[in-house]
Amino acid sequence: MTDIKTVGVIGAGQMGSGIAHVCALAGYDVYLNDLDLAKIEAGVSTIEHNLARQVSRGLIDDAAMKTALGRIKPAESLALIGQTDLAIEAATENEEIKKAIFRALQPHLKAETLLASNTSSISITRLASTTDRPERFIGLHFMNPVPLMKLVEVIRGIATDGATYERAVTFARSLGKTTTNAEDFPAFIVNRVLVPMINEAIYTLYEGVGTVDSIDTAMKLGANHPMGPLELGDFIGLDTVLSIMNVLYEGLADSKYRPCPLLVKYVEAGWLGKKAGRGFYDYRGEVPVPTR
């Protein structure tokens, strides 16, 4: 454990609920916030389901599950989040939405609260500049799914002080995670490498080099990837993939990061991947079927 005792999580979706899950299991009191109580309750339900899966696999026992659930409290107001020791924003990957959250949170913050963003691509320096404490602001990029993935990227903005960085690393490691330091450049390390690979796989499909099935099979068996790049894109969410590619393209001004037109079309169609029922695969039947 660290000197951090309470954690506020803003966003009860896939990432936010996962962060709340691992924090509660590690012994922190967690306040979970979203736009309304229904979204918070849905997030808690997801956490309960995922904890039950861990129990069924023998990873934790019933007592640990019940104790963890007891540590998670709904926070309909940002005022409750502002009184925690560490507030982690885990909203959708949109810079303006994230900035608006930090602006709304600021009047409620106690002086000692550390701020963190779970952004997977956006400048920590820019996000921190919207707050009254850029020196106490840091990026904590958890991997999806949070309860299973071992890595947390820790990203310092230009103003982040050394004490904040050390506390953030200690906190992430207290969750059983391995940390890696990433500099504050677009998409950091993991997504700087991973998402352009997914975009290139979409170009490979777009140009007719291979089908959805052949591309994913080739990368699973030829590169020993556990999941093909198009399947992985669907899992991440094609809207998120497009958002990260746009951050890379705009931030680095290099044509190699141009989003594939086919990716743009899928997002425009609302075919965002698994969460929408359709992406490069159609998930509405018993077995996923390629859509191209």
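Residues numbered from 1 in each chain as written. Predicted model: local features only at pLDDT ≥ 70, side-chain atom pairs only at ≥ 80, totals over all residues. Heavy atoms only, no water.

An unreviewed UniProt entry annotates the protein chain as 3-hydroxybutyryl-CoA dehydrogenase of Caulobacter mirabilis. In its Sequence similarities (unreviewed entry) section, the UniProt entry covering the protein chain states "Belongs to the 3-hydroxyacyl-CoA dehydrogenase family." (UniProt positions renumbered as here; feature names shortened; annotations may be inferred.)

Peer 1: Could you give me a rundown of the overall build of the protein chain, with the residues and numbers involved?
Peer 2: A count of helical and extended segments in the protein chain gives 12 helices and 10 strands. For the protein chain, the C-alpha radius of gyration of 19 Å lies close to 19 Å, the compact-globule estimate for 292 residues. If one aligns the C-alpha atoms of the protein chain with their principal axes, the spans along those axes are about 55 × 45 × 35 Å. Expressed as a percentage of its 292 residues, the buried residues of the protein chain come to 48%. Residue pairs at least 24 apart in sequence account for 64% of intrachain contacts in the protein chain once pairs closer than 6 positions are excluded. About 13300 Å² of surface is accessible on the protein chain, with carbon and sulfur atoms providing 54% of the total. A distance of 2 Å separates the average location of the 29 positive side-chain charges in the protein chain from that of its 34 negative side-chain charges. (Helix = DSSP H or I, 4+ residues; strand = E, 2+ residues; numbered from the N terminus. Rg over C-alpha atoms; globule rule 2.2 N^0.38 Å. Buried < 20%, exposed > 50% of the residue type's maximum accessible area, 1.4 Å probe, protein only. Contact = heavy atoms within 4.5 Å. Areas by Shrake-Rupley, 256 points an atom, 1.4 Å probe, with all protein chains shown as cover. Lys, Arg positive; Asp, Glu negative; His and termini not counted. Charge placed at Lys NZ, Arg CZ, Asp CG, Glu CD.)

Peer 1: Please set out the sheet that holds strand 2 (residues 29–33) residue by residue, giving values where relevant.
Peer 2: In space, the 8 strands of this open sheet follow the order 3-2-1-4-5-6-7-8, with mixed pairing throughout. Two strands lie at the open edges of the sheet, namely strand 3 (72–74) and strand 8 (178–182), each paired on one side alone. Averaged over all pairs of adjacent strands, the angle between strand axes in this sheet comes to 25°, irrespective of strand direction. Here strand 4 (residues 86–89) pairs with strand 5 (residues 114–117) via 4 bridges, running parallel. Across the sheet, the residue bridging to E89 is S117, located in strand 5. In the packing of helix 5 (residues 95–105) onto the sheet, contacts are made with strand 1 (6–10), strand 4, strand 5 and strand 6 (137–142), and the angle to strand 5 comes to roughly 165°. Here helix 7 (residues 162–174) sits on the sheet in contact with strand 1, strand 4, strand 5, strand 6, strand 7 (151–156) and strand 8, set at roughly 25° to strand 6. (Pairing = 2+ DSSP bridges. Axes fitted to C-alpha atoms, helices over the stretch in contact; angles between N-to-C directions.)

Peer 1: Tell me about the domain arrangement of the protein chain, residues and numbers included.
Peer 2: Domain annotation of the protein chain identifies domain 1 (6–183) and domain 2 (191–290). Here the C-alpha centre of domain 2 lies 27 Å away from the C-alpha centre of domain 1. Of the residues lining the interface, 8 residues belong to domain 1; the matching set on domain 2 comes to 5 residues. A buried area of about 550 Å², summed over both sides, lies between domain 1 and domain 2, and 51% of it is on carbon and sulfur atoms. Broken down residue by residue, the surface that domain 1 buries against domain 2 is led by E93, S120 and S121, which jointly contribute 57%. Where domain 1 touches domain 2, the interface holds 0 salt bridges. Applying the counting criterion to the domain 1 and domain 2 interface returns 2 residue pairs in polar contact (both at pLDDT 80 or more). For the side of domain 1 that touches domain 2, the class distribution of residues is 2 nonpolar, 5 polar and 1 charged. (Domains from an automatic or database assignment. Buried area = accessible area lost by both parts, 1.4 Å probe. Salt bridge = Lys/Arg side-chain N within 4 Å of Asp/Glu carboxyl O. Polar contact = N/O pair within 3.5 Å; in protein donor to acceptor, adjacent residues only side chain to side chain. Nonpolar A, V, L, I, M, F, W, Y, C, P; charged D, E, K, R; others polar.)

Peer 1: Just give me the short version of the packing of aromatic side chains, but keep the residues and values in it.
Peer 2: Scanning the entire structure with this criterion turns up 6 aromatic pairs. Seen in terms of ring centroids, Y203 and Y206 are 6.3 Å apart; in terms of plane orientation they differ by 70°. Their pairing is edge-to-face. Here Y203 and its partner Y206 are both found in helix 8 (residues 190–206), 3 residues apart, which amounts to about one turn of the helix. Judged by centre distance (5.6 Å) and plane angle (85°), the rings of Y266 and W271 are edge-to-face. Judged by relative accessible area, which is 5%, Y266 ranks as buried. (Phe/Tyr/Trp six-rings, centres within 6.5 Å; stacked < 30°, edge-to-face > 60°.)

Peer 1: Which residues make up the UniProt feature "binding site: NAD(+)" (unreviewed entry) in the protein chain, and what values go with them?
Peer 2: Annotation from UniProt places "binding site: NAD(+)" (unreviewed entry) at G11, A12, G13, Q14, M15, G16, D34, E93, K98, S120, N144 and K275. Note that G16 resides in helix 1 (residues 14–25). Among the residues examined, G16 registers a relative accessible area of 0% and is labelled buried. The contact partners of G16, leaving out residues within four places of it in the chain, are V9, G11, L32 and A90. Positionally, K275 belongs in the loop between helix 12 (261–269) and strand 9 (281–282).

Peer 1: Could you give me a rundown of the environment of I124, with the residues and numbers involved?
Peer 2: Its place among the elements puts I124 in helix 6 (residues 124–128). It is 9.5 Å that separates the C-alpha atoms of I124 and P186, two residues lying 62 residues apart in sequence. Ignoring anything within four residues of it in the chain, the contact list for I124 reads T119, F137, I138, G139, I155, R156, G157, D184 and F188.

Peer 1: Can you tell me about the pattern of salt bridges, naming the residues and giving the values?
Peer 2: For the coordinates displayed, the defined rule picks out 11 salt bridges. Taking the shortest distance from any N to any O, the salt bridge between D29 and K73 comes out at 3.9 Å. Note that D29 is positioned in strand 2 and K73 in strand 3, a separation of 44 residues in sequence. On the basis of relative accessibility, which here comes to 30%, the residue D29 falls in the partly exposed class. Of the residues examined, K73 reaches a relative accessible area of 29% and is grouped as partly exposed. Across the salt bridge formed by E95 and K99, the nearest N and O atoms sit 3.0 Å from each other. A residue pair is termed a helical-turn pair when its members lie 3 or 4 positions apart in one helix, as E95 and K99 do in helix 5 at 4 residues. For K99, a relative accessible area of 13% gives the class buried.

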